[in-house]
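# Observations on the three-dimensional arrangement
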Amino acid sequence: MELSNIRPYAHKHCRFKLRNGREVFGVIWEVETDEVPTGDTADKHLFFASIGDYERLQHEPQRPVSVIDMPPEEILHVESLAS
């Protein structure tokens, strides 16, 4: 998927269908990093975490959580589960 199609689902509990055929449930968000291997503009990354890890990250950022770098091209479909 294109990043512009994923942005409306950022910070919401969703179901994701991935390129490898797996379905995962959790939250995705975009982070702009200063680490730029080439060029002089900031690099943007999508990260994914389970809903539990995402909530812990929001309330207790010093606690370790499992976060996965999720390239947009790995996501085939997204569906919001937030009500």
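Figured I'd write up the structure that's included with this text. (Residues numbered from 1 in each chain as written. Predicted model: local features only at pLDDT ≥ 70, side-chain atom pairs only at ≥ 80, totals over all residues. Heavy atoms only, no water.)

We now examine the packing of aromatic side chains. All told, the structure shown has three aromatic pairs when counted by the stated rule. Grouped by ring-pair contacts, the aromatic residues W29, F47 and Y54 constitute a single cluster. (Phe/Tyr/Trp six-rings, centres within 6.5 Å; stacked < 30°, edge-to-face > 60°.)

Here we come to the nonpolar core. Within the largest apolar cluster, 11 residues are counted, these being I6, C14, F16, L18, V24, I28, L46, F48, M70, I75 and V78. Within the residue set of this core, elements represented by two or more residues are β1 (14–18), β2 (23–33), β3 (43–49) and β5 (75–80). Ranked by residues supplied to this core, first place goes to β1 with three residues. With residues near it in sequence (within four places) discarded, F48 still touches F16, V24, F25, G26, V27, I28, W29, S66, V67, I68 and M70. (Core = buried A, V, L, I, M, F, W, Y, C linked by side-chain atoms within 4.5 Å. Buried < 20%, exposed > 50% of the residue type's maximum accessible area, 1.4 Å probe, protein only. Helix = DSSP H or I, 4+ residues; strand = E, 2+ residues; numbered from the N terminus. Contact = heavy atoms within 4.5 Å.)

Counting through the fold element by element, G21 comes out in the loop between β1 and β2. Residues G21 and L76, 55 residues apart in the sequence, show an inter-C-alpha distance of 9.1 Å.

By the alternation rule, side chains of β1 split into C14, F16 and L18, which are all buried, and R15 and K17, of which none is buried. Inspection of the sheet shows β1 paired to β2 by four bridges, in the antiparallel sense. Pairing of K17 across the sheet is with E23, part of β2. Between β1 and β2, which follow one another and run antiparallel, lie four residues, and G21 among them has a positive phi close to 95 degrees. Summarising the sheet, β1 and β5 pair through five bridges and their orientation is antiparallel. Note that in β5 the partner of C14 across the bridge is S80. (Pairing = 2+ DSSP bridges.)

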